[in-house]
Number of protein chains: 2
Amino acid sequence: MPNPTAAMIVIGDEILSGRTRDSNMHHLAGKLAEVGIDLKEARMISDDRDAIIDAVRELSRRHDHVFTSGGIGPTHDDITADSIAAAFDRSIDVRKDARALLVAHYAKTGTELNPSRLRMARIPEGAELIENPVSAAPGFRVENVHVMAGVPSVFHAMVASVLPGLTGGAPLYSKTLRIDRGEGDIAEPLGTLAKAYPALSMGSYPFQKDGRYGAHVVIRGSDAAAVDAALAELQVAFS
Amino acid sequence: MPNPTAAMIVIGDEILSGRTRDSNMHHLAGKLAEVGIDLKEARMISDDRDAIIDAVRELSRRHDHVFTSGGIGPTHDDITADSIAAAFDRSIDVRKDARALLVAHYAKTGTELNPSRLRMARIPEGAELIENPVSAAPGFRVENVHVMAGVPSVFHAMVASVLPGLTGGAPLYSKTLRIDRGEGDIAEPLGTLAKAYPALSMGSYPFQKDGRYGAHVVIRGSDAAAVDAALAELQVAFS
């Protein structure tokens, strides 16, 4: 049975303007690989209602899971929650259980729960909350879309609380061989090997260091014995 | 007149598997902001022919420019050039001018131009070459799609050779103010300011450091005087 598939949507003008370098996609990619969910696509889009609605609708139809990051804070540019509600034609309002989480959190820190902070309790109708052990304001799940925060520490914590509840597939097993030869010398033997092991995925990632060329060849698959056997053949070919 | 828009497509299984963290998108985003081309969307997709064709067709219709990175090397998993040709219904073959670049480069280094390396001279019919001062194998442009290498040093060099030929818009001017208050306290004054300056984009990017909360507020726009004026108001509000 093929693994479940996933897509990620990174929401935020700060990524596309070059101000901030996203790190959440790389984090999620590694975590999904561990549990056997294949990340097929990631999109970075701006804080734009129509862009969010279009991406969520398209990717939630096409994949088993969708994960978003960004845009669920208290400021005027945080429009993700409302856009997700619109994408699924659901109403959205401050919800009691989400509000209670904020009340408890801010009481502890002596912070006022003002109208801006209360916006973070706006949850689409029928959504399930995602726990935020870092700063209380919850994420949520609507259908197969997991809506999470952009701040990396919060995003990581939300991923950790969401992933155990998802059914994964066969975790991807991978081995890497560094070959200190130009990719042009690696290509033919590697292509032959790839044909001999059609169930495995083989990638060659070139590097250039101190004026010398080389490549990391990565062999991936759910069958660990096949990966090891292919790697051994590759080692012999370049020994 | 609104600025030209752009999209980027990062092609490569290694990004989506979590093995490699992409840096090309962040590089391109910064360079495009400098010349006034608005990066509206970035997609990371796998080395999959149909995924490449779909993304290229959709984004090249929707934006003034599309930039791709990855998948133009000599190995069997490098399928970008052939997929781009297919996306535009063009034929593809080894082209004389591209071959000549490789012949000259490999003659200098005493490297054999074998069939694998020669694959890097496969160029879609009617494409324009993009210079590669690092390792010779060229990128190319088909219509509004600029096809470039994934190796960051080569990608950077190709971006540097492509951008001066594009017509930009008004460069985005931006100022950042760090405010050591929770975003919930920043939200209301910032929202009021955003309404007063509808032509500017204002974003709040929270951070948490040593247990304290704060945010970087970024004000962006093509009118530098308006950005400065708005920033001054914000400083007064939080002084």
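An unreviewed UniProt entry annotates chain A as Competence/damage-inducible protein A of Sulfitobacter alexandrii.

J.: Outline the overall build of chain A, supporting the account with residue identities and numerical values.
T.: When helices and strands are tallied, chain A shows 9 helices and 11 strands. Viewed in the frame of its principal axes, chain A has a C-alpha envelope of about 65 × 40 × 35 Å. When burial is assessed residue by residue, chain A has 54% of its 239 residues classed as buried. Of the contacts made within chain A by residues no fewer than 6 positions apart, 68% connect residues no fewer than 24 positions apart. Seen as two clouds, the 25 positive and the 31 negative side-chain charges of chain A have centres 3 Å apart.

J.: Pulling in residues and values, what's your account of the relation of the copies chain B and chain A?
T.: The operation relating chain B to chain A is a screw motion whose rotation component is 180 degrees, with 0.0 Å of axial translation and a residual RMSD of 0.0 Å. The operation mapping one copy onto its partner corresponds to a two-fold rotation axis. Minimal C-alpha distance to the rotation axis in chain B is attained by B:Arg43, lying at 2.2 Å. Of the interface residues in chain B, 100% have counterparts in chain A that sit at the interface too, so the contact is made through matching surfaces.

J.: Describe in detail the sheet that holds strand 9 (residues 173-179) of chain A, supporting the description with residues and values.
T.: Residues and elements named next belong to chain A. The sheet built from 3 strands is open, its strands ordered 9-11-10 with antiparallel pairing. Lying at the two open borders of the sheet, with one neighbouring strand each, are strand 9 and strand 10 (201-209). Ignoring strand direction, the axes of neighbouring strands in this sheet form an average angle of 20 degrees. As paired elements, strand 9 and strand 11 (residues 212-221) share 7 bridges and run antiparallel to each other. When the bridges of strand 11 are listed, tyrosine 173 appears paired with glycine 221. Sitting on the sheet, helix 9 (residues 224-237) is in contact with strand 9, strand 10 and strand 11, with an inclination near 10 degrees to strand 9.

J.: If you had to explain helix 8 (residues 183-196) of chain B to someone new, which residues and values would you point to?
T.: Residue and element names in this part refer to chain B. Between its terminal C-alpha atoms helix 8 stretches 19 Å, which fits the 20 Å expected from 14 residues at 1.5 Å a residue. The sharpest bend along helix 8 comes to roughly 30 degrees, located at proline 189. Along helix 8, the residues classified as buried are Glu183, Gly184, Ile186, Ala187, Leu190, Gly191, Leu193 and Ala194.

J.: Tell me about the interface of chain B and chain A, and please be specific about residues and values.
T.: With 58 residues of chain B in contact, the opposing surface of chain A contributes 58 residues. Of the roughly 4,500 Å² buried at the junction of chain B and chain A (both faces included), carbon and sulfur atoms supply 53%. Summed over the three residues of chain B that lose the most area to chain A, namely B:Arg19, B:Arg21 and B:His76, the buried surface amounts to 15% of that side. Our enumeration of links across chain B and chain A arrives at 2 salt bridges. Across the salt bridge formed by B:Arg117 and A:Asp185, the nearest N and O atoms sit 3.1 Å from each other. The tally of links between chain B and chain A comes to 15 residue pairs in polar contact (both at pLDDT 80 or more). Contributing elements (two or more residues each) for the side of chain B that touches chain A: helix 1 (13-16), helix 2 (24-35), strand 2 (38-45), helix 6 (115-118), helix 8, strand 10 (201-209) and strand 11 (212-221) of chain B. Among the elements that line the side of chain B that touches chain A, the one with the most residues is helix 8 of chain B, at 8 residues.

J.: So what's going on with helix 3 (residues 49-62) of chain B? Residues and values would help.
T.: Residues and elements named next belong to chain B. Helix length check: helix 3, at 14 residues, gives a terminal C-alpha distance of 20 Å against a target of 20 Å (1.5 Å per residue), a fit within 8%. Those residues of helix 3 lying buried are Ile52, Ile53, Ala55, Val56, Glu58, Leu59 and Ser60. Packed against the buried residues of helix 3 are strand 1 (5-11), strand 2, strand 3 (65-69), helix 4 (80-87) and strand 8 (145-148). The backbone nitrogen of aspartate 50 lies 3.2 Å from a side-chain oxygen of the residue at the head of helix 3, namely aspartate 48.

J.: Before we move on, could you go through the packing of aromatic side chains and cite the residues and values that matter?
T.: Scanning the model with the defined rule gives 0 aromatic pairs over all chains in all. Sitting over the face of the ring of A:Tyr106, A:Arg117 holds its NZ or CZ atom 5.3 Å from the ring centroid.

J.: Go over the sheet that holds strand 8 (residues 145-148) of chain A with me, naming the residues and quoting the values.
T.: Where strands meet in a sheet, backbone hydrogen bonds hold them as pairs that are either parallel or antiparallel. One open sheet holds the 12 strands; their spatial order is 6(A)-7(A)-8(A)-3(A)-1(A)-2(A)-2(B)-1(B)-3(B)-8(B)-7(B)-6(B), and the pairing between them is mixed. Looking at the sheet topology across the chains shown, the edges are occupied by strand 6 (128-130) of chain A together with strand 6 (128-130) of chain B. Neighbouring strand axes in the sheet, compared pairwise and without regard to direction, differ in orientation by 20 degrees on average. As judged from the 3 bridges shared by strand 7 (residues 139-142) of chain A and strand 8 of chain A, these two strands associate in the antiparallel manner. For A:Phe140, the partnering residue across the bridge sits in strand 8 of chain A and is A:Val147. Along the sheet, helix 3 of chain B makes contact with strand 1, strand 2, strand 3 and strand 8 of chain B, crossing strand 2 of chain B at roughly 170 degrees.

Cut-offs applied
Residues numbered from 1 in each chain as written. Chains lettered and ligands numbered in written order. Predicted model: local features only at pLDDT ≥ 70, side-chain atom pairs only at ≥ 80, totals over all residues. Heavy atoms only, no water. Helix = DSSP H or I, 4+ residues; strand = E, 2+ residues; numbered from the N terminus. Buried < 20%, exposed > 50% of the residue type's maximum accessible area, 1.4 Å probe, protein only. Contact = heavy atoms within 4.5 Å. Lys, Arg positive; Asp, Glu negative; His and termini not counted. Charge placed at Lys NZ, Arg CZ, Asp CG, Glu CD. Least-squares fit on C-alpha atoms with pLDDT ≥ 70 in both. Pairing = 2+ DSSP bridges. Axes fitted to C-alpha atoms, helices over the stretch in contact; angles between N-to-C directions. Expected span 1.5 Å × (residues − 1). Bend = angle between axes of the 7 residues up to and from the residue. Buried area = accessible area lost by both parts, 1.4 Å probe. Salt bridge = Lys/Arg side-chain N within 4 Å of Asp/Glu carboxyl O. Polar contact = N/O pair within 3.5 Å; in protein donor to acceptor, adjacent residues only side chain to side chain. Phe/Tyr/Trp six-rings, centres within 6.5 Å; stacked < 30°, edge-to-face > 60°. Lys NZ or Arg CZ within 6 Å of the ring centre and 35° of its normal.

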